[in-house]
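Structural features, examined
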Amino acid sequence: HWGAEVVVMQPTSFEAVQEAVMALRDHATVLLNLSSLPPEQAQRAADFMACRAFALDGHQERLGESVFLFAPHFVHLHRSLAAC
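The following refers to the structure shown. (Residues numbered from 1 in each chain as written. Predicted model: local features only at pLDDT ≥ 70, side-chain atom pairs only at ≥ 80, totals over all residues. Heavy atoms only, no water.)

**Description of the pattern of salt bridges**
What the rule picks out here adds up to one salt bridge. The salt bridge involving Asp26 is made with Arg25; its shortest N-O contact spans 3.4 Å. (Salt bridge = Lys/Arg side-chain N within 4 Å of Asp/Glu carboxyl O.)

Put into structure tokens, the structure is as follows:
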């Protein structure tokens, strides 16, 4: 199992997103950069991952235009609005 790992992925095909689903299912936090996919496929991949995260009681956070964070249910996400 992945445990407390963060897996960073930048898939180049929709099919490669399945690996992100497997990592999330195995309790890894997944940082998914979809900028290498065409816009339509990127949206489809984001929706696909969001459904899987919901089904696994996980969380999701959009971090940028094409960057998403998906975390298992036991990981608490906190977003700070303070400037660094």
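**Points about the side chain of Ser66**
Mapped onto the secondary structure, Ser66 falls in the loop between strand 3 (59-62) and strand 4 (67-71). Judged by relative accessible area, Ser66 falls into the buried class, the value being 19%. Discounting residues that sit within four places of it in the chain, Ser66 has contacts with Leu32, Asn33, Leu34 and Ser35. (Helix = DSSP H or I, 4+ residues; strand = E, 2+ residues; numbered from the N terminus. Buried < 20%, exposed > 50% of the residue type's maximum accessible area, 1.4 Å probe, protein only. Contact = heavy atoms within 4.5 Å.)

**Quick notes on the packing of aromatic side chains**
Taken as a whole and judged by the stated rule, the model has two aromatic pairs. Measuring from ring centre to ring centre gives 5.4 Å for Phe14 and Phe48, while their planes differ by 65°; the resulting arrangement is edge-to-face. Of the two residues, Phe14 sits in the loop between strand 1 (6-9) and helix 1 (17-25) while Phe48 sits in helix 2 (residues 39-55), which places them 34 residues apart along the sequence. The buried category is assigned to Phe48, whose relative accessible area is 18%. Seen from their ring centres, Phe68 and Phe70 are 6.2 Å apart, and the 25° between their planes marks the pair as stacked. For the pair Phe68 and Phe70, a shared accessibility class is recorded, and that class is buried. Geometry around Phe14 places Arg44 over its ring, the cationic atom sitting 3.7 Å from the centre. (Phe/Tyr/Trp six-rings, centres within 6.5 Å; stacked < 30°, edge-to-face > 60°. Lys NZ or Arg CZ within 6 Å of the ring centre and 35° of its normal.)

**Let's talk about the nonpolar core**
Residues Met9, Val30, Leu32, Leu34, Met49 and Phe70 are the most contacted members of the largest nonpolar core, which totals 21 residues. Those elements that place two or more of their residues in this core are strand 1, helix 1, strand 2 (29-33), helix 2 and strand 4. When residues of this core are assigned to their parent elements, the largest contribution, six residues, is made by helix 2. Sequence-distant contacts of Val30, defined by excluding residues within four places in its chain, comprise Val7, Met9, Ala20, Ala23, Leu24, Phe68, Leu69 and Phe70. (Core = buried A, V, L, I, M, F, W, Y, C linked by side-chain atoms within 4.5 Å.)

**Quick notes on the sheet that holds strand 1**
Strands sit in the order 1-2-4-3 across an open sheet of four strands; the sheet is mixed. Every other strand in the sheet has two partners, leaving strand 1 and strand 3 as the edge strands with one partner each. Across the sheet, the axes of successive neighbouring strands diverge by a mean angle of 15°, strand direction being ignored. In this sheet, strand 2 lies alongside strand 1 in parallel orientation, the contact comprising four bridges. Bridging across to strand 2, Met9 finds its partner in Leu32. This element, helix 2, spans strand 2, strand 3 and strand 4 of the sheet and lies at about 15° to strand 4. (Pairing = 2+ DSSP bridges. Axes fitted to C-alpha atoms, helices over the stretch in contact; angles between N-to-C directions.)

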